[in-house]
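Next come the chains, spelled out residue by residue.
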Amino acid sequence: MAGMRRLADLQRSPDAAAPPPPTVLPLDVQRVRTFPTPEFAGMRFLEVEAKSALNRVKGMPFAWSVNPYRGCSHACTYCFARPTHTYLNLSPTVDFERTVVVKVNVAEVLRRELAKPTWRGETVAMGTNTDPYQRCEGRYELMPRIINALGEGLTPFSILTKGTLILRDLEPLARAAARVPVSAAFTIGMLDRSLWRSAEPGTPSPQARLHAVRRLAGAGISTGVMLAPIMPGLNDDREQIAALVDACAAAGAAHITPIVLHLRPGVREVFMPWLQQAHPELVERYERLYLRTEAAASYREEILAFVRNCRRDAWRRHGKPEPSAGVAPAQKDDAAVAKPEPAQLRLLEPAPEG
């Protein structure tokens, strides 16, 4: 492939803890951009021309996904998508947060794929890998065009995000929802601002996300909340969980789904050093509780039972919205805890798309 530059040829961020990548996925990088503003300090954006937009997904409540970005400036210490960066010969630690792949033509490619006679209008999910409303979406504005393409292509869709930038797109979301089932979900794991700033440094505040849930629900977009991740000793205090569940119900959440922290390879290498630095008193507990990827079953079941009771009481107080016909990740409230691994994690098993 003449003229193609492999990502391995681009300068990598030094990261001794990163495991060697299982393969190198060549990308035709059209342009490497940086933005001279504080919010993008130390970041670079690899602009690529995507060959496809729709990614086939098996065994999920949705059949297809669209990921306009790879890598994420949210920099969450626990992010399950970090290992996917190894397919680009980039580290799941520093590079994942600072090197973002941008599929600049994704909306145009999506329109062509939706126009094919073979397309059957199956549900498309977004945000199942990295957040489509991370900070750089404010620069690239890919999502309004994607939403318009899906709505005009009579294709139902869901969006999972932490990004309040989704409120910018209320108008195209409403237009699409008038034609096809549309749903959204926010990930909100805590109300504590100190823990939020430490564990999710690049995200909007939990309070801002709750406001966005209320705005979307008020606009007729069925919107739920993923209580994720529930981290032992950090945000699993029963009073805190009950307060968060109540706040989600008061905001109009159509589903409230708990997910206990998973520590997969590539994620553990980021989370455990952060824990050692920020909460050293918890390290021994985590080493006992996380002998494998997931926490002990007894802990997960305890969290599920408690959230179920809180949820029932909160919806009794505030009323439960009727979910739309759209399919959001983990539409069933308990699916992400009842199964060994949440739907989002299982999406990482195939080699990521180019």
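Residues numbered from 1 in each chain as written. Predicted model: local features only at pLDDT ≥ 70, side-chain atom pairs only at ≥ 80, totals over all residues. Heavy atoms only, no water.

### Focus: the overall build of the protein
Looking only at helices and strands, one finds 13 helices and 11 strands in the protein. Counting every position in the protein, which comprises 354 residues, the buried fraction comes to 57%. Partitioning the intrachain contacts of the protein with sequence separation of at least 6 by distance along the chain shows that 78% fall at a separation of at least 24. Entry remark: accessible area of the protein is about 14,800 Å², with carbon and sulfur atoms responsible for 52%. (Helix = DSSP H or I, 4+ residues; strand = E, 2+ residues; numbered from the N terminus. Buried < 20%, exposed > 50% of the residue type's maximum accessible area, 1.4 Å probe, protein only. Contact = heavy atoms within 4.5 Å. Areas by Shrake-Rupley, 256 points an atom, 1.4 Å probe, with all protein chains shown as cover.)

### Concerning the confidence of the model for the protein
When the pLDDT values of the protein are averaged, the result is 87; 84% of them are 70 or greater. Low pLDDT (under 50) marks residues 326-332, which in the prediction has 25 contacts with non-local residues, meaning those over four places away or in another chain. Counting interchain partners and residues more than four positions distant, the pLDDT-below-50 stretch residues 335-354 has 56 contacts. (pLDDT = per-residue confidence, 0-100.)

### Regarding the environment of A107
Along the chain, the position of A107 falls in helix α2 (residues 106-114). By relative accessible area, A107 is classed as buried at 4%. Ignoring sequence-local partners within four residues, the contact set of A107 consists of R145, I146 and A149.

### Comments concerning the sheet that holds strand β5 (residues 69-70)
Strand order across the open sheet formed by four strands is β1-β2-β6-β5, with mixed pairing between neighbours. Taken across any chain shown, the strands that pair with only one partner, and hence form the sheet edges, are β1 (29-33) and β5. (Pairing = 2+ DSSP bridges.)

### A look at the packing of α2 against helix α4 (residues 143-152)
Relative to each other, α2 and α4 sit at 10°, their axes nearing to 9 Å. Between α2 and α4, the interaxial angle falls into the category roughly parallel. Every residue of α4 that contacts α2 at V106, A107, E108, L110, R111 and L114 is listed here: R145, I146, N148, A149, L150 and E152. Its residues assigned to classes, the contact of α2 with α4 shows seven nonpolar, one polar and four charged. (Axes fitted to C-alpha atoms, helices over the stretch in contact; angles between N-to-C directions. Parallel < 35°, antiparallel > 145°, perpendicular 65-115°, else oblique. Nonpolar A, V, L, I, M, F, W, Y, C, P; charged D, E, K, R; others polar.)

### A few points about the sheet that holds strand β10 (residues 222-230)
Within the open sheet, the seven strands sit side by side as β3-β4-β7-β8-β9-β10-β11. Their pairing is mixed. Looking at the sheet topology across the chains shown, the edges are occupied by β3 (55-56) and β11 (256-260). Pairing between β10 and β11: four bridges, direction parallel. Across the sheet, the residue bridging to I230 is V260, located in β11.

### Focus: the state of the cysteines
Per the stated rule, a full pass over the model turns up zero disulfides. Distance from the sulfur of C136, which forms no disulfide, to the nearest cysteine sulfur (C72) is 8.1 Å. (Disulfide = S-S within 2.5 Å.)

### Let's talk about the pairing of strand β9 (residues 182-187)
For β9, the buried fraction is high: six of the six residues fall into the buried class. Handedness of the crossover is the feature at issue here: the chain leaves strand β8 (residues 157-161), passes through helix α5 (residues 170-177), returns alongside β9, and the resulting connection is right-handed. In the sheet, β9 pairs with β10 via five bridges, with the strands oriented parallel. The residue bridging F186 from the neighbouring strand is V225, located in β10. (Right-handed = clockwise from strand over helix to strand, strands pointing away.)

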